[in-house]
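# Structural features, examined
So the chains spell out like this:
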Amino acid sequence: MEMPAPDQAVMARRREIADALREIVPGEGVKADDDELRAFESDGLTAYRQLPLIVVLPETTEQVAEILRYCQREGVKVVPRGAGTSLSGGALPLADGILLGLGKFNRVLEIDFENRCARVQPGVTNLGITNAVQHAGFYYAPDPSSQIACTIGGNVAENSGGVHCLKYGLTTNNVLGVEMVTMAGEIVRIGGKHLDAAGYDLLGVLTGSEGLLGVVTEVTVRLLRKPVSQKALLIGFPSSEAGGDCVAKIIAAGIIPGGLEMMDRPAIHAAEDFVHAGYPLDVEALLIVELDGPEVEVDDLIGRVEGIAEQCGATSVRVSQSEEERLSFWAGRKAAFPAVGRISPDYYCMDGTIPRKQLPLVLQRMAEMSQRYGLRVANVFHAGDGNLHPLILYDANQPGELHRAEEFGAEILKLCVEVGGVLTGEHGVGVEKRDLMEVQFNEVDLQTQQRLKCAFDPDGLLNPGKMFPRLHRCAELGRVHIHRGEMPFPDLPRF
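Each value, and the rule that gives it
- Residues numbered from 1 in each chain as written.
- Predicted model: local features only at pLDDT ≥ 70, side-chain atom pairs only at ≥ 80, totals over all residues.
- Heavy atoms only, no water.
- Salt bridge = Lys/Arg side-chain N within 4 Å of Asp/Glu carboxyl O.
- Helix = DSSP H or I, 4+ residues; strand = E, 2+ residues; numbered from the N terminus.
- Buried < 20%, exposed > 50% of the residue type's maximum accessible area, 1.4 Å probe, protein only.
- Expected span 1.5 Å × (residues − 1).
- Arc of directions from axis to C-beta.
- Contact = heavy atoms within 4.5 Å.
- Disulfide = S-S within 2.5 Å.
- Core = buried A, V, L, I, M, F, W, Y, C linked by side-chain atoms within 4.5 Å.
- Pairing = 2+ DSSP bridges.
- Axes fitted to C-alpha atoms, helices over the stretch in contact; angles between N-to-C directions.
- Parallel < 35°, antiparallel > 145°, perpendicular 65-115°, else oblique.
- Left-handed = near helix turned anticlockwise from the far one by under 90°.
- Polar contact = N/O pair within 3.5 Å; in protein donor to acceptor, adjacent residues only side chain to side chain.
- Phe/Tyr/Trp six-rings, centres within 6.5 Å; stacked < 30°, edge-to-face > 60°.
- Patch = residues over 30% accessible without salt bridge, like charges linked within 9 Å, V, L, I, M, F, W, Y side chains within 5 Å.
- Areas by Shrake-Rupley, 256 points an atom, 1.4 Å probe, with all protein chains shown as cover.
- Lys, Arg positive; Asp, Glu negative; His and termini not counted.
- Charge placed at Lys NZ, Arg CZ, Asp CG, Glu CD.

## What to know about the pattern of salt bridges
- Under the counting rule described, the total for this entry stands at 30 salt bridges.
- One salt bridge in this structure joins Asp19 and Arg22, with 3.8 Å as the shortest N-O distance. Linking Asp19 with Arg22, this pair stays in helix α1 (residues 6–24), spanning three residues, or about one helical turn.
- When its relative accessible area of 47% is taken as the criterion, Asp19 is described as partly exposed.
- Relative accessible area serves as the criterion here: at 35%, Arg22 is assigned to the partly exposed category.
- Two residues, Glu443 and Arg470, come together in a salt bridge whose shortest N-O distance is 2.5 Å. Linking Glu443 in helix α16 (residues 443–456) with Arg470 in the loop between α16 and α17 (474–477), this pair joins segments that are 27 residues apart in sequence.
- Residues participating in the shared-partner salt-bridge network are Glu110, Asp112, Arg119, Glu179, Arg189, Lys193 and Glu218.

## Quick word on helix α13 (residues 359–373)
- Its 15 residues place the ends of α13 21 Å apart at the C-alpha level, agreeing with the 21 Å of an ideal helix rising 1.5 Å per residue.
- Within α13, burial applies to Leu359, Val362, Leu363, Met366, Met369, Ser370 and Tyr373. In an axial view of α13, the angular spread of the buried residues amounts to 120°, which keeps them on one side of the axis. Exposed and oriented more than 90 degrees from the buried face of α13 are Gln371 and Arg372.
- In this structure, the buried residues of α13 make contact with α8 (240–252), β13 (259–264), β18 (377–382), β19 (387–394) and α14 (401–418).
- Immediately downstream of α13, the backbone of Gly374 shows phi near 70°, a positive value.

## Overview of the state of the cysteines
- Tallied over the full model, the rule gives one disulfide.
- Bridging Cys454 to Cys474, the disulfide has an S-S length of 2.1 Å. Judged by the torsion about the S-S bond (-95°), the Cys454/Cys474 disulfide is left-handed. One end of the pair, Cys454, is in helix α16; the other, Cys474, is in helix α17, and 20 residues separate them in sequence.

## Some details on the nonpolar core
- In this structure, Phe237, Val289, Leu291 and Ile392 are the most contacted members of the largest nonpolar core, which totals 60 residues.
- Per element, the largest residue contribution to this core is eight residues, and it comes from α14.
- Membership of the second largest hydrophobic core comes to 27 residues, among which are Leu21, Ile24, Ala65 and Val215.

## Some points on the sheet that holds strand β8 (residues 175–181)
- A sheet is described by the order of its strands in space; here five strands give the open sequence β5-β6-β10-β8-β9, paired in antiparallel fashion. Edge positions in the sheet fall to β5 (108–112) and β9 (187–191), since each has one partner strand and no second. Averaged over all pairs of adjacent strands, the angle between their axes in this sheet comes to 15°, without regard to strand direction.
- Direction of pairing for β5 relative to strand β6 (residues 117–120): antiparallel, over a ladder of four bridges. Directly across from Val108, in β6, lies its bridge partner Val120.

## Details of the pairing of β6
- As consecutive antiparallel partners, β5 and β6 are separated by four residues, and within that stretch Arg116 has a phi angle of approximately 55°, a positive value.
- Judged from the four bridges that link them, β6 and strand β10 (residues 215–222) form a sheet pairing that is antiparallel. Across the sheet, Val120 pairs through a bridge with Val219, a residue of β10.

## So, the packing of α13 against α14
- Close contact between α13 and α14 brings their axes to 11 Å; oriented N to C, the two are set at 160°. Between α13 and α14, the interaxial angle falls into the category roughly antiparallel. The crossing of α13 and α14 is right-handed. Residue-level inspection shows Val362, Arg365, Met366, Met369, Ser370, Arg372 and Tyr373 of α13 in contact with α14, the latter providing Arg404, Glu407, Phe408, Glu411, Ile412, Leu415 and Glu418.

## Focus on the side chain of Lys433
- Structurally, Lys433 can be placed in the loop between α14 and α15 (437–440).
- A polar atom in the side chain of Lys433 sits 2.8 Å from the side chain of Glu432.
- In this structure, Lys433 is in contact with Ser88, Asp351, Leu413, Leu423, Thr424, His427 and Gly428, ignoring residues within four places of it in sequence.

## Overview of the packing of aromatic side chains
- Evaluation of the coordinates by the stated rule reveals three aromatic pairs.
- Plain terms: the ring middles of Tyr139 and Tyr168 are 6.5 Å apart, the flat faces sit at 85° to each other, and that makes the pair edge-to-face. Of this pair, Tyr139 sits in strand β7 (residues 138–139) while Tyr168 sits in helix α6 (residues 165–168), placing them 29 residues apart in sequence.
- A relative accessible area of 16% means that Tyr139 is categorised as buried.

## Points about the side chain of Ser320
- Tracing the backbone through its elements, the reader meets Ser320 in the loop between β15 (316–319) and α11 (323–334).
- Leave out the neighbours within four places in its chain, and Ser320 touches Lys231, Ala232, Glu325, Arg326 and Phe329.

## Let's talk about a negative patch on the surface
- A cluster of acidic residues, Glu28, Asp33, Asp35 and Glu36, forms a negative patch on the protein surface.
- Take Glu28: it is sitting in the loop between α1 and β1 (30–31).
- On the basis of relative accessible area, Glu28 is assigned to the exposed category, the value being 65%.

Have a look at this one:
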């Protein structure tokens, strides 16, 4: 009997899985034609593309559970996807796996002002949560630059931050509970409206797990009251090193701004040309410092920050005089990524975190790398918590430039670890940083992390190929034996 050609076998397998999924999700919820799949071939890391085998778009938690049960039974790989804004390739499809899209989970289920929380589906946008509650003087604090498009489910997967995470925390600090479906199709609830739960911190484990442990189908988030007063300062500096020094001195003075962001000259000019926020164009670095709280406190802190800026050699200081002006300051910063897209055919957005005091050194080293690789870089930082977002400018149509950009980015991330930082602050590992994980973690660390995945997904079907540079079968990992007095992570510093 003649065996079918490989492409025929793939098509037959696709039809078989698609027919089974249509029994679970009727109507137009299953996409299997190449033209339909093209819209899902990439996420925000557009340098990498791959058509999925099939896309399925469920509408209920029960459908998600049934899909996962089928996939586990049949050994089908699954890649969960929200809005596809991941910048680390976390939602990059697999040629031999289905892409499970959660875009139809887009409802705000409950707003509970008395308990200061809201229950929402994972497809609700980050900004959509604030829009649903701001009429009552509340908001949701984490605010990634992509908040108009990114969804809360993706925020949970990547533990997203934002310009206000310095004072109000990352996603993990603002999520109270989740409903999740395991690969076995079991629907579980972890946490709830209460501020903390007994037992293991499974909510902390799931937040930032990048879709490797389960599929989130509902999120309970913390709501905050809008501050009584908010004012922002634009502070210009003659060098990025001077701006970085000011950041360190503000924090050292015990001042925790609501937001503390930094942009260098290329980013400033790109954002100003795009948004017309009123940024000074004769400076090398720009700090945006937002202070919030009671009005008398905000006014006092403004004076203290102005004094610190003067000591650090600031060449200009401007304080917002209205809410509209404050928002315009932030509009330029939040539009920095698309603005840079107007000055370069392509750009590679990096994400690493360093100790604040190392900012001047890292900026100097990155400038040297830029000269060596022959590629421009525009820098945008969550400077207050040391989270860097260098944007490496390149042209994919020029032979070798993408490869040089990737090497440049890898060297930046290695530098972050070298100076005491970490590989990612909020974008996650995905495929982008997967092969750099051994720079930060030794083999014992990585195997221990994989054992945790095995507890949730023993067959390794959820988002495989992400995060880990080498995969081990769960049966090969065995158990961890830690004897009294021994440290399981011998290369980590002892405190």
